[in-house]
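Spelled out from the first residue to the last, the chains are:
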Amino acid sequence: MGFLDGRVAIVTGAGRGLGRVEALELARHGAAVVVNDLGTTLAGTGHDASPAEDVVAEITAMGGRAVAHFGDVADWEQSADLVRTAVDEFGALDIVVNNAGFIRDSMLQKMEESEFDDVVRVHLKGHFCTIRHTLSHWRERWKAGGGEPLGGRLISTSSEAALIGAMGSGNYSAAKAGITALTISAAREVLRFGCTANVLVPRARTRMIMSGPSATRFEQPEHGFDTFAPEHVAPLVAWLASPLAERVSGQVLQVWGGEVTVYERPRRAFEATHEGDWTLEVLDDLLGPFFADQEPVVDGFGL
Ligand SMILES: NC(=O)c1ccc[n+]([C@@H]2O[C@H](COP(=O)([O-])OP(=O)(O)OC[C@H]3O[C@@H](n4cnc5c(N)ncnc54)[C@H](O)[C@@H]3O)[C@@H](O)[C@H]2O)c1
């Protein structure tokens, strides 16, 4: 018996990198998987069917069930078709792992409008489209089932860039912060369907990370534990997708190597009150000492 026997999953961007190992892990635990991948370059250009087809072949070779889907997750019709494919091929949709995306890094002072629009589109609108179409499927199923909990799972992919910023990828940081807010909102909406929504913050050696300034930190060691192997991320996705995590929703979790972290929701770090109108002097008297003690965020990855 697998933890995900009888469940049907979509993993977007599953032809390579993290999505590939996540699709394989869900299949290993018994899920039937729709392997979505448009097959783009790192910068999001072009199309290639082979990454998704290769992962489907890997899953079927190990005795699992999978179909390929080559749609663009941020296209309204193609993402609706993605959800329909899961339902038509396997009878329903239970688990959606939103992972697809690409980067177009540039310092904000030089960033082109298209670099901002395209990156926000693929990550944030890509998450919105699949979540939106999945929720309408879940609503219909929930009503047809007389309000029985569905046990559905939404797993979104954010980044440390959304939590602490990143030099040269303000477009990506903004999209990933939007994904976090979207998913926490989704967690509230899916509660009545008996479903959960959580945010994954991965760290792994993929083509995306190896194209960036921190690539040397992610290289495979010649001996010993391979901290940044993408395979260390996938079990957390399967755990969140499984009934074991039915009480976990609206959370932000990070995993890499041998470390797993649950982030606290934003909470008040400092509070002060004042009677009467605010002036800059009053604000400075109250806030100045607090900020004088704070460390500014300087090191993106904190490694
Ligand atoms: N690797 C890391 O350390 C890291 C850290 C934080 C967040 N992430 C996030 O993890 C996710 C996976 O990244 P990765 O590192 O595996 O990158 P990757 O480039 O190896 O894989 C991304 C996949 O998404 C596909 N894709 C791109 N645009 C698509 C679209 N419109 N529709 C469908 N598929 C599309 C690509 O073809 C590619 O196969 C991304 O959302 C990324 O931002 C990765």
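Everything that follows concerns the structure shown earlier in this document.
Residues numbered from 1 in each chain as written. Predicted model: local features only at pLDDT ≥ 70, side-chain atom pairs only at ≥ 80, totals over all residues.

Colleague: Could you give an account of the overall build of the chain, naming the residues involved and the relevant values?
Modeller: The secondary structure content of the chain amounts to nine helices and eight strands. Computed over the C-alpha atoms, the radius of gyration of the chain is 21 Å, within 12% of the 19 Å expected from 2.2 N^0.38 for a compact globule of 303 residues. (Helix = DSSP H or I, 4+ residues; strand = E, 2+ residues; numbered from the N terminus. Rg over C-alpha atoms; globule rule 2.2 N^0.38 Å.)

Colleague: Give me the nonpolar core: which residues, what numbers.
Modeller: Counting residues in hydrophobic clusters, the biggest one holds 76 residues, and the most contacted among them are Ala-9, Ala-23, Leu-26, Val-33, Val-35 and Val-237. Here the element with the most residues in this core is helix 4 (residues 113-144); it accounts for nine residues. Apart from the residues lying within four places of it in its own chain, the contact partners of Val-237 are Glu-22, Glu-25, Val-97, Ile-155 and Leu-200. (Core = buried A, V, L, I, M, F, W, Y, C linked by C-beta atoms within 7 Å. Buried ≥ 20, exposed ≤ 12 C-beta atoms within 10 Å, placed from the backbone. Contact = placed C-beta atoms within 7 Å.)

Colleague: Break down the sheet that holds strand 3 (residues 66-69) for me, citing the residues and quoting the values.
Modeller: Read across the open sheet, the eight strands follow the order 3-2-1-4-5-6-7-8; overall the sheet is mixed. The open sheet terminates on both sides in strands that have one partner only, identified here as strand 3 and strand 8 (259-263). Adjacent strand axes in the sheet meet at a mean angle of 20°, parallel and antiparallel pairs treated alike. Across four bridges, the pairing between strand 2 (residues 32-36) and strand 3 is parallel. Considered in strand 3, the bridge of Val-34 is made with Val-67. Packing of helix 1 (residues 17-28) onto the sheet brings it into contact with strand 1 (8-11), strand 2, strand 3, strand 4 (95-97) and strand 6 (196-202), and relative to strand 1 it is tilted by some 170°. This element, helix 2 (residues 50-61), spans strand 2 and strand 3 of the sheet and lies at about 180° to strand 3. (Pairing = 2+ DSSP bridges. Axes fitted to C-alpha atoms, helices over the stretch in contact; angles between N-to-C directions.)

Colleague: Help me get a handle on the site of the ligand, residues and values and all.
Modeller: Around the ligand, 33 residues are found, and the nearest of them are Gly-13, Gly-17, Ala-100, Thr-206 and Met-208. Elements with a minimum of two residues in the shell around the ligand: helix 1, helix 4 and helix 7 (207-210). The class makeup of the residues in the shell around the ligand is 13 nonpolar, 15 polar and five charged. (Near = placed C-beta within 6 Å. Nonpolar A, V, L, I, M, F, W, Y, C, P; charged D, E, K, R; others polar.)

Colleague: How would you sum up helix 6 (residues 170-190)? Please name residues and give values.
Modeller: Here helix 6 spans 30 Å end to end across 21 residues, near enough to the 30 Å set by a 1.5 Å rise per residue. Looking at helix 6, one finds that the buried residues are Gly-170, Asn-171, Tyr-172, Ser-173, Ala-175, Lys-176, Ile-179, Leu-182, Thr-183, Ala-186, Ala-187 and Val-190. Here the buried face of helix 6 lies against helix 4, strand 5 (153-157), helix 5 (160-164) and strand 6. (Expected span 1.5 Å × (residues − 1).)

Colleague: Please give an account of the pairing of strand 6 that cites residues and values.
Modeller: In the case of a regular strand, side chains alternate between the two sheet surfaces. Most of strand 6 is tucked away: seven of the seven residues are buried. Of the two faces of strand 6, the one holding Thr-196, Asn-198, Leu-200 and Pro-202 and the one holding Ala-197, Val-199 and Val-201 are both buried throughout. Across five bridges, the pairing between strand 5 and strand 6 is parallel. Bridge pairing links Arg-153 to Thr-196 in strand 6.

Colleague: Summarise the pairing of strand 7 (residues 252-256); cite the residues concerned and give the values.
Modeller: With five of five residues buried, strand 7 lies mostly within the body of the structure. Neither face of strand 7 is left uncovered, since the one carrying Val-252, Gln-254 and Trp-256 and the one carrying Leu-253 and Val-255 both have all their residues buried. As paired strands, strand 6 and strand 7 are joined by four bridges and run parallel to one another. When the sheet's bridge partners are listed, Pro-202 is paired in strand 7 with Val-255. In this structure, strand 7 lies alongside strand 8, joined through five bridges in antiparallel fashion. The partner of Val-255 across the bridge, within strand 8, is Val-260. Hairpin connection of strand 7 to strand 8: two residues between the antiparallel strands, including Gly-257 at a positive phi of 50°.

Colleague: With reference to specific residues and values, describe helix 9 (residues 280-292).
Modeller: The largest bend in helix 9 comes to about 35°, at Leu-286, with the proline Pro-289 one to four residues further on. Helix 9 sits mainly on the outside: zero of its 13 residues count as buried. (Bend = angle between axes of the 7 residues up to and from the residue.)

Colleague: Outline the packing of helix 1 against helix 8 (residues 234-241), listing residues and values.
Modeller: Their axes nearest at 8 Å, the elements helix 1 and helix 8 cross at an angle of 50°. When the axis of helix 1 is compared with that of helix 8, the two are oblique. Helix 8 is crossed by helix 1, and the crossing has right-handed handedness. Residue-level inspection shows Val-21, Glu-22, Glu-25 and Leu-26 of helix 1 in contact with helix 8, the latter providing Ala-234, Pro-235, Val-237, Ala-238 and Ala-241. (Parallel < 35°, antiparallel > 145°, perpendicular 65-115°, else oblique. Left-handed = near helix turned anticlockwise from the far one by under 90°.)

Colleague: Describe in detail the environment of His-137, supporting the description with residues and values.
Modeller: Within the secondary structure, His-137 sits in helix 4. By the C-beta count within 10 Å, which is 19 here, His-137 ends up partly exposed. With 50 residues separating them in the primary sequence, His-137 and Val-87 have C-alpha atoms 8.9 Å apart. Beyond its immediate stretch of four places on either side in the chain, His-137 contacts Val-83, Val-87 and Leu-93.

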